[in-house]
Amino acid sequence: MRTRMTAVFVALALLAAACSDGDGDADADPGSSTTIAETPTTTASTTTTTPPSTAVDVAEAGACDPVDGAACLLPWPNDRFTAPDDGTVTGLRIDFPADATPANADGVHIGVDEWNRNDGFSPAAMPMTVIPGIDPVASGLAPVTDIARSLADDSPLVLFDTATGERVPAWAELDFSGTDDTDTALVIVPAIALGEGHRHLVVLRDLVDVEGNAIEPSDAFVERVSAPADQHDQALLEGLDDAGIDPAEVTVAWTFTVSSAESISSRLVAMWDETKTEVGDGAPSFTVDTTELAGLANVVSGTFETPSYLSGDGSTGSVLNNEGDPTGIPVRNGTLATEFVCTVPVTATAERPAPFVLYGHGLLGSRSEVLGIGGVGAAAGIGFCAIDFIGMSTTDLPSVAAALEDLTGFRTQADRLQQGHLAWLLLGRLLASDEGFATAAPFRDGDGASVIDHDQLSFLGASQGGILGAASTALSDDLTQVILAVPGMGYNLLLPRSIDFDEFSAVFNLAYPSPLDRMLARELMEMLWDRGENAGWAQHLTRDPYDGATEKNVLILAAFGDHQVANVSTDKLARTLGVPLREPGLAPGRSTDVDPFFGIDPIGSLPHVGSGYVMWDFGTPAPPTENAPPREGEDPHGKLSDVPEALAIVADFIGADGVINDLCAGGPCQTLAE
């Protein structure tokens, strides 16, 4: 396995270099398409299809759910893989058996220790099960193009939040990478983040196979609902009753509990609380190493001290210093020198101070990416500062490659991301505090006065920076405006739909050759990724803020048909944040959806003060409707930075009030080739 990792490491490095500047490879090799063999399993005495439950030896595994034998963790996610725990918010703790997780090509199962600290599953979880022979279209399952269908009274798909008593909009799809109907997951994709700490019920009913035959429930499921044997069976029946669903009409159903906000955020919250107490109203110590004039900006580089909560020296491959603590709260372990780079407009003065923006870089990139947009910003009198997103920066490539071969090691990405977010919070404090950068000569005018506008501090995350940005800002009280450019939430949803994952798949697919194992592996990854990306923090960004933090205005900028960050993920983020859409979002006929931007309210009128979602159309074909990357046309992912009107929208929003002006003449925002 190590040899395979080395063989593709250069390819990973080249991919990161190509993607971090936002310019995707529109000519990436699409590879060979895969056709799912939809062959039903029929019984001799009936014309119905019954899912088998014999692929996994339940007795040997000891904890598998016999309702779906295609893999031990199916149906996913599942409260049967939890144990009671009075010490958690949900009263549960994940309890994956060591032999239940996918094994790599060397037969090594993904280690479960870090996952078993969670008190539930991801708010971005995508329920899935294998139903051989199913025809989703004939069954009437809501597709991604008609999400509203999942809320109809007679919908064969029901995703029900038992805490609120409401249905959750969702769509269903067969995994495009499946090779036959025994390893092809039917995936349920929630269209909005699932409620933290809430129990959810998944119901599939009235299903038919590719020959039009009714699919009957397995014997194991019939026994479960007719003779409940434990608390999980009872919870299932109670959920069905609350949802008004007759168990006799159900093909398969199960329950799962989403992690609490505390379980997801407690590590970083504790780190920030301790750091804030130490810093007070001031800022961390810092040094300026170099100052160079570049056009209309002084480029300032240096370091500041960040408390370290990582093991060892905190370098790539390290994890949080929390061994032995069941909650995962880390203990401080010295400090780390965090390198920063800022662009300070030469025109800024004490009388006309510069608003500053924290800039989050692209995929596995670095802080140096700020220099491009920083130069543009300087012409408008706007300053920019950046640091590396450690955990997902260029320096983390070796551990990323290693983790893809054995996902037990994926913890280092999630842990270092949280350490990185602590540094972003301190970077904001250095700009907001009179005791921070304002005390250094490169940030002062000729009279020695600060040129930083402490009341106008924003965050701009692009691509990866837009996917991680909520975690960098949700705890902050130093900024109020957040711009997320070509963003999304939930890497489990994003990765199969992104051309960026093509090269990484060379490692991942070798290590986990089964498509079903890869689907489950991405779900496991997301349970840790939540701690450092939008999926775990967005519910507290625009409302329900964490203690001591402020609600943020959020501007979402997206590119239609994006090859790298799927539009469905951006829409899901907008719904979760409650961000309204600037209309018209697209010209008529551009989207293949029955109701484009379903579930996203429109902005009433422009100018608009507060959050907003702006879609830009560069003429790229509409994205595919399956979980596969868009490959047609020219990738628009990095084009927004070349559109003056889009840059002007950002500049207007950076102001203290977060204003969105109409710079598209009342029509769709588009830059189409002539």
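The structure under discussion appears in the preceding block.
A brief structural summary.

What counts and what doesn't
- Residues numbered from 1 in each chain as written.
- Predicted model: local features only at pLDDT ≥ 70, side-chain atom pairs only at ≥ 80, totals over all residues.
- Heavy atoms only, no water.
- Helix = DSSP H or I, 4+ residues; strand = E, 2+ residues; numbered from the N terminus.
- Buried < 20%, exposed > 50% of the residue type's maximum accessible area, 1.4 Å probe, protein only.
- Contact = heavy atoms within 4.5 Å.
- Areas by Shrake-Rupley, 256 points an atom, 1.4 Å probe, with all protein chains shown as cover.
- Lys, Arg positive; Asp, Glu negative; His and termini not counted.
- Charge placed at Lys NZ, Arg CZ, Asp CG, Glu CD.
- Pairing = 2+ DSSP bridges.
- Axes fitted to C-alpha atoms, helices over the stretch in contact; angles between N-to-C directions.
- Salt bridge = Lys/Arg side-chain N within 4 Å of Asp/Glu carboxyl O.
- Core = buried A, V, L, I, M, F, W, Y, C linked by side-chain atoms within 4.5 Å.
- Expected span 1.5 Å × (residues − 1).
- Disulfide = S-S within 2.5 Å.
- Patch = residues over 30% accessible without salt bridge, like charges linked within 9 Å, V, L, I, M, F, W, Y side chains within 5 Å.
- Polar contact = N/O pair within 3.5 Å; in protein donor to acceptor, adjacent residues only side chain to side chain.

1. Remarks on the overall build of the chain
In step 1: Looking only at helices and strands, the chain has 15 helices and 21 strands in total.
In step 2: Its C-alpha atoms put the chain at 90 × 60 × 50 Å along the principal axes.
In step 3: Within the chain, the fraction of its 674 residues that count as buried is 60%.
In step 4: Of the contacts made within the chain by residues no fewer than 6 positions apart, 75% connect residues no fewer than 24 positions apart.
In step 5: Surface exposure of the chain reaches about 23,800 Å², of which carbon and sulfur atoms provide 51%.
In step 6: Of the side-chain charges in the chain, 31 are positive and 99 negative, and the distance between the mean point of each set is 3 Å.

2. Thoughts on the sheet that holds strand β9 (residues 250–257)
In step 1: Across the sheet, 4 strands lie side by side as β5-β4-β8-β9; this open sheet has antiparallel pairing. A strand with exactly one partner marks an edge of an open sheet, and here the two such strands are β5 (166–167) and β9.
In step 2: Bridge count for strand β4 (residues 157–161) against strand β8 (residues 199–205) is 5 bridges, and the pairing is antiparallel. By the bridge assignment, phenylalanine 160 is partnered in β8 with leucine 201.
In step 3: Across the sheet, helix α5 (residues 231–242) is in contact with β4, β8 and β9; its angle to β9 comes to roughly 105 degrees.

3. Some points on the pattern of salt bridges
In step 1: The final tally for this structure, using the stated rule, is 25 salt bridges.
In step 2: For aspartate 233, the salt bridge identified is with arginine 224, shortest N-O distance 3.2 Å.
In step 3: On the basis of relative accessibility, which here comes to 9%, the residue arginine 224 falls in the buried class.
In step 4: Here aspartate 478 ties to arginine 429 by a salt bridge, and the two come within 2.9 Å at their closest N and O atoms. Residue aspartate 478 is located in the loop between α10 (464–473) and β16 (481–485), and its partner arginine 429 is located in helix α9 (residues 411–432); the two are separated by 49 residues in the primary sequence. For the pair shown, aspartate 478 and arginine 429 are each scored as buried.
In step 5: A network of salt bridges, in which partner residues are shared, links Glu114, Arg117, Arg267, Glu323, Arg411, Asp415 and Arg531.

4. Concerning the sheet that holds strand β19 (residues 612–617)
In step 1: Spatial ordering of the open sheet is given by β10-β11-β12-β14-β13-β15-β16-β17-β19-β21, a layout of 10 strands whose pairing is mixed. Since the sheet does not close on itself, it has two edges, and those belong to β10 (286–294) and β21 (669–670), each with one partner.
In step 2: As paired elements, strand β15 (residues 452–462) and β16 share 5 bridges and run parallel to each other. Paired with alanine 462 across the bridge in β16 is alanine 485.
In step 3: Against the sheet, helix α7 (residues 370–379) touches β11 (297–307), β12 (335–345), β13 (354–360), β14 (383–386) and β15, its axis set at about 165 degrees to β14.
In step 4: Against the sheet, helix α15 (residues 644–653) makes contact with β16, β17 (553–559) and β19, and its axis sits at roughly 170 degrees relative to β17, the strand it touches most.

5. Comments concerning the nonpolar core
In step 1: In this structure, Trp76, Phe96, Phe437 and Tyr613 are the most contacted members of the largest nonpolar core, which totals 162 residues.
In step 2: No other element matches α9, which puts 11 residues into this core.
In step 3: In terms of nonpolar packing, the next biggest core, distinct from the first, is built from 29 residues, Val341, Ala559, Leu640 and Val650 among them.

6. Notes on the pairing of β12
In step 1: Summarising burial for β12: 8 of the 11 residues are buried, a large majority.
In step 2: Relative to β12, β11 runs antiparallel, the two being bridged by 11 bridges. Along β12, the bridge assignment pairs threonine 303 with glutamate 339.
In step 3: Bridging between β12 and β14 involves 3 bridges; their strand directions are antiparallel. The residue of β14 that forms the bridge with valine 341 is alanine 386.

7. Observations concerning the environment of tryptophan 529
In step 1: Position of tryptophan 529 relative to the elements: it lies in helix α13 (residues 515–529).
In step 2: The buried category is assigned to tryptophan 529, whose relative accessible area is 6%.
In step 3: Along the sequence, tryptophan 529 and glutamine 413 sit 116 residues apart, while their C-alpha atoms lie 7.8 Å from each other.
In step 4: Filtering out sequence-adjacent residues up to four positions away, tryptophan 529 remains in contact with Met392, Phe410, Ala414, Leu417, Tyr491 and Leu495.

8. Some points on α9
In step 1: Under the 1.5 Å per step criterion, the end-to-end length of α9 is 32 Å for 22 residues, consistent within 8% with the ideal 32 Å.
In step 2: Where burial is concerned, most of α9 is hidden: 22 out of the 22 residues are buried.

9. Topic: the state of the cysteines
In step 1: Counted by the stated rule, this structure contains 3 disulfides.
In step 2: Two residues, cysteine 64 and cysteine 72, share a disulfide whose sulfurs are 2.1 Å apart. Since a negative S-S torsion denotes a left-handed disulfide, the cysteine 64-cysteine 72 link at about -105 degrees is left-handed.
In step 3: Accessibility expressed as a relative area gives 8% for cysteine 64, which makes it buried.

10. A closer look at unusual backbone geometry
In step 1: Along the chain, leucine 74 connects to proline 75 via a cis peptide bond; the corresponding omega equals -10 degrees.
In step 2: Note on placement: proline 75 falls in the loop between α2 (58–61) and β1 (82–84).
In step 3: Geometrically, the link from leucine 606 to proline 607 is a cis peptide bond, its omega value of 0 degrees lying close to zero.
In step 4: Looking at the secondary structure, you find proline 607 in the loop between α14 (567–577) and β18 (608–609).

11. Some thoughts on a negative patch on the surface
In step 1: A contiguous patch of negative charge on the surface is contributed by Asp153, Asp154, Asp206, Asp246 and Glu249.
In step 2: On the basis of relative accessible area, aspartate 153 is assigned to the exposed category, the value being 72%.

12. Considering the side chain of asparagine 627
In step 1: Relative to the assigned elements, asparagine 627 resides in the loop between β19 and α15.
In step 2: Polar contacts involving the side chain of asparagine 627 include one to the side chain of aspartate 175, which spans 3.0 Å.
In step 3: Engagement of the side chain of asparagine 627 in a polar contact is seen with the backbone nitrogen of phenylalanine 176, the distance being 2.7 Å.
In step 4: Setting aside residues no more than four positions away along its own chain, asparagine 627 makes contact with Glu173, Leu174, Asp175, Phe176, Pro496, Arg497 and Met519.

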